[in-house]
There are 2 protein chains.
Amino acid sequence: MANEKKLVEAITSMEEDFAQWYTDVVKKAELIDYSSVKGCMVIKPAGYAIWENIQKELDTRFKATGVENVYMPMFIPESLLQVEKDHVEGFAPEVAWVTHGGLEPLQERMCVRPTSETLFCDFYAKDIQSHRDLPRLYNQWCSVVRWEKTTRPFLRSREFLWQEGHTAHATEEESEERTIQMLNLYADFCESVLAMPVIKGKKTDKEKFAGAESTYTIEALMHDGKALQSGTSHNFGDGFAKAFGIQYTDKENKLQYVHQTSWGMTTRLIGAIIMVHGDNSGLVLPPRIAPTQIMIIPIQQKKEGVLEKSAALKEQLLKAGFRVKVDDTDKSPGWKFSEAEMRGIPLRIEIGPKDLEAKQCVIVRRDTREKVIVSLDELETKVAEALETMQGDMLERARAHRDAHTYEATEYEEFNKLLDTKPGFVKAMWCGDEACELKIKDDTTATSRCMPFNQEKLSEKCICCGKEAKKLVYWGKAY
Amino acid sequence: MANEKKLVEAITSMEEDFAQWYTDVVKKAELIDYSSVKGCMVIKPAGYAIWENIQKELDTRFKATGVENVYMPMFIPESLLQVEKDHVEGFAPEVAWVTHGGLEPLQERMCVRPTSETLFCDFYAKDIQSHRDLPRLYNQWCSVVRWEKTTRPFLRSREFLWQEGHTAHATEEESEERTIQMLNLYADFCESVLAMPVIKGKKTDKEKFAGAESTYTIEALMHDGKALQSGTSHNFGDGFAKAFGIQYTDKENKLQYVHQTSWGMTTRLIGAIIMVHGDNSGLVLPPRIAPTQIMIIPIQQKKEGVLEKSAALKEQLLKAGFRVKVDDTDKSPGWKFSEAEMRGIPLRIEIGPKDLEAKQCVIVRRDTREKVIVSLDELETKVAEALETMQGDMLERARAHRDAHTYEATEYEEFNKLLDTKPGFVKAMWCGDEACELKIKDDTTATSRCMPFNQEKLSEKCICCGKEAKKLVYWGKAY
Ligand SMILES: [Zn+2]
Ligand SMILES: [Zn+2]
């Protein structure tokens, strides 16, 4: 019990200090470690396994829409980065520069990719000739580097892992359609796999991606009421195509520019899972993404038959398709419970000598701690039910939390007060003028998160300047 | 037919110019494209899909031996690279240096990882404390950079994709055991999945990895008689542990150094597949690694029912677990045949109006062009058999080629002549002295490929100096 206490006590409570709670969970659940490279992290097995599951799920969904994976170089020559002017302005201040190869200085310095639009464009310019070559639906899984000043594990680090899709289409309609299709795919993935509800919408011009015509986003609300941009999808129109000369001959044999998109999700999603679902005992993983869904913990494991039965149950559940482990170390059951909770394992199964006799076991849900006694005859069914119910409940809880922390404002004073005192989203009308966005940011530190697809008219007037309102906007403080 | 000819004519024959044949196949089978970044390539969908299958197969095998995946930073601070002196000497001349982050010069320059021993050691020094923490069996999938002067697609490029396993153990016996275990895993993967026979052995001190105590290798023979090092596994003993201070307390509470290994395979394997199995019509992919195993090609596809049946057969074969596509473009069947051959697709199925009537189809093997007429009732069985037989035949053919190009020499003149006139491996005895290796390289351009596990005694004397022979060595010219 002394050990057990130590493990739990080591976490700061989220009410006391949410940032510290986050850091504690990330470390105690063994998701990451800090490295000797400032601003870069080591993703440990428990963290990387979550990323592998995210990859598997997203990759399958991408491929079902016709996307193919490729791999582009990690370096971008400076002249290539500079071809599209908005893009270079957006990224040049935060890239890492390679200046020497081996013992020789390079003739032209190269940056480590912060994103790969320029590389894909350079490739497409040669690769695409005819309308028969379109659409091109390529994606890559890789790491990218952005030289951030302040960093936090998963949320903002100098190197992170992601996927970046880059597509080329014959028409603006098709590129717009693909942009929205991928945003919907992301939203569906977040809700159905990560149990994380999101607001789908469009970014304002101020917040859009460097070089994009339009940027769409999904925004999630963390437990502390801050917003997290969880995935973005950009329509470039023919802007990059004109800068890079990406043209195809159409059916009438006329030269046309392609229309492009890009869309990405990152290891930041792991941070979102932590901050949406975690509690004061640690991580809580949605069953569909959990690397280990069930931890079997033997009780009085030295008693005859307990370890054997635990191993047999593991095999039985593995065969039924669950991801399951047995903790047969010589730690106390209490310690093992705390450890499985810290790591966010959705279900634990307790089995001891009395259970053996009664042909039963105890199933405990990580999120509610609800305990049920289950006959071993019904084990697979009950486990499947518990995992499904838990997945659904987690989404509903997150949605209820989000809705309870979403406010509306029609007066600036009220708007300010909400942003100051009520962590969460504030919905308010906006005139479309960047000056109002800037003033709101100055006054409140909140930014426009998105103009939701689901538009409402709360008032006729901009919350800031009082001029005619054009759009409903979700405002919030963001990670 | 004109188009068809163009496709095939564009390949140089391998007898005429093997290097050009290789480059032609790589481009025409659409595996890669050159990029604007000198020495780096774009891996296109057909190439990347092979890598994805390699990853899936290897990753499953790794995990079955207890290996877990992690992710380390891509940068190594210069001071960290310098900790182990042999290691830095081996790699410093060929790394890319990052000197600026954003607009600021870095306080300490960092290289892009050429390999990650130093990062894993830095991590393990903090991560490992007790014998309970051992073994650590970590692997990562990533890209690495080595600033090579001359490059060739897949075989030698400035950036390449690989996996690097890094393990830490309590004892030298355990690290040696893991080193050999992974070498055997690699050899088995090459033979059973890539249909590529390999020689397992140990590298001489001259050829071993920078910082390793021993390096083990698998060596394959390409169609042109050159050797390709296809995977390596290194035992570091406690050398890195002493340099980095990686210690654990043993069961008697005494501080001990860990013993480490590392092992890697790369996208170079795709080059090996091309050069072991390819022919003058293009790529030939072993069925177990082929992204598309079967291409269905409709004959007279405008005739009633042909396209419908083709689509139905595809669905039927997909359900049976095969990777299958239909080529329903409006190209001629002849063009489609050439294209499927160029891409190395193991089987093609032809189905036309007459076949529909007779409830049959034609199956053609890529490697032998053998055609068989198969009743549609037996389709799955016959397809499975054809793929299995082809996989086995490819391995046997490659083995026969390898054996027919493996020579023995006991006199230096004969040895020289063999290396000069007979592309392949030459087996000969060696005294163990690096001076002889250097002289042989000078005289013949051949290097010691390995000291095979399967040792024979061809003579008592070193092939070069005539002193007492210690080891049988495979010599050859290498990629
Ligand atoms: Zn306004
Ligand atoms: Zn000698």
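Residues numbered from 1 in each chain as written. Chains lettered and ligands numbered in written order. Predicted model: local features only at pLDDT ≥ 70, side-chain atom pairs only at ≥ 80, totals over all residues. Heavy atoms only, no water.

For chain A, the name recorded in an unreviewed UniProt entry is Proline--tRNA ligase, with Lachnotalea glycerini as its organism. Quoted verbatim from the Sequence similarities (unreviewed entry) field of the UniProt record, the comment on chain A reads "Belongs to the class-II aminoacyl-tRNA synthetase family. ProS type 3 subfamily." On record in UniProt, under Subcellular location (unreviewed entry), the comment for chain A is "Cytoplasm". (UniProt positions renumbered as here; feature names shortened; annotations may be inferred.)

Q: Is there a simple way to explain the state of the cysteines in this structure?
A: Every disulfide links exactly two cysteines, by a covalent bond between their sulfur atoms. This model, assessed by the stated rule, comprises zero disulfides over all chains. Not engaged in a disulfide, the cysteine C111 of chain A finds its nearest cysteine sulfur in C40 of chain B; these two sulfurs lie 13 Å apart. (Disulfide = S-S within 2.5 Å.)

Q: Explain the interface of chain B and chain A to me, please; I cannot follow it from the model alone.
A: In many analyses, interface size is given as the accessible surface area lost on bringing the parts together. On the chain A side, the residues contacting the 51 residues of chain B number 51 residues. Counting the surface lost from both chain B and chain A, the interface buries some 4200 Å², and carbon and sulfur atoms represent 63% of this. Viewed at the interface, chain A and chain B are joined by four salt bridges. Between E52 of chain B and K63 of chain A there is a salt bridge, with the nearest N and O atoms lying 3.0 Å from each other. Inspection of the region where chain B meets chain A yields 23 residue pairs in polar contact (both at pLDDT 80 or more). A per-class count over the side of chain B that touches chain A returns 31 nonpolar, eight polar and 12 charged. (Contact = heavy atoms within 4.5 Å. Buried area = accessible area lost by both parts, 1.4 Å probe. Salt bridge = Lys/Arg side-chain N within 4 Å of Asp/Glu carboxyl O. Polar contact = N/O pair within 3.5 Å; in protein donor to acceptor, adjacent residues only side chain to side chain. Nonpolar A, V, L, I, M, F, W, Y, C, P; charged D, E, K, R; others polar.)

Q: How should the relation of the copies chain B and chain A be read in this particular structure?
A: What relates the pair of chain copies is a rotation about an axis plus a shift along that axis. For the pair chain B and chain A, the superposition axis carries a translation of 0.0 Å, the fit reaches an RMSD of 0.0 Å, and the rotation angle comes to 180 degrees. Look at the turn and shift together and you get a two-fold axis relating the two. Taking C-alpha positions as reference, the residue of chain B nearest the rotation axis is V98 of chain B, located at 2.1 Å. Taken as a fraction of all interface residues of chain B, those also at the interface in chain A reach 100%, which identifies the copy contact as same-surface. (Least-squares fit on C-alpha atoms with pLDDT ≥ 70 in both.)

Q: Before we go on, may I ask you to explain the coordination of the zinc ion (ligand 1) in this structure?
A: Where a metal carries four tetrahedral donors, each ideal angle is 109.5 degrees; where it carries six octahedral donors, the ideal angles are 90 or 180 degrees. Residues and elements named next belong to chain A. Protein coordination at the zinc ion (ligand 1) comes from C431 (SG), C436 (SG), C462 (SG) and C465 (SG), with a distance range of 2.2 to 2.3 Å. If you look at the zinc ion (ligand 1), its four donor atoms make angles of 106 to 115 degrees with each other, and the shape they trace is tetrahedral. Sequence spacing of the donor residues for the zinc ion (ligand 1), all on one chain, is C-x4-C-x25-C-x2-C. You can see C436 sitting in helix α15 (residues 434–444) and its partner C465 sitting in the loop between β22 (447–452) and β23 (471–476), a full 29 residues away along the chain. (Donors = N, O, S within 2.8 Å, 3.2 Å for Na, K, Ca; no water. Tetrahedral: all angles 85-135°; square planar, octahedral: opposite > 155°, others 65-115°. Helix = DSSP H or I, 4+ residues; strand = E, 2+ residues; numbered from the N terminus.)

Q: How do you make sense of helix α11 (residues 333–342) of chain A when you look at a structure like this?
A: For an α-helix, 3.6 residues make a turn, and residues three or four places apart therefore share a direction. All names here are of chain A. Most of α11 sits inside the fold, with nine of its 10 residues counted as buried. Within α11 the residues assigned to the buried category are G334, W335, K336, F337, S338, E339, A340, E341 and M342. Phi turns positive, to about 80 degrees, at G344, one or two residues after α11. (Buried < 20%, exposed > 50% of the residue type's maximum accessible area, 1.4 Å probe, protein only.)

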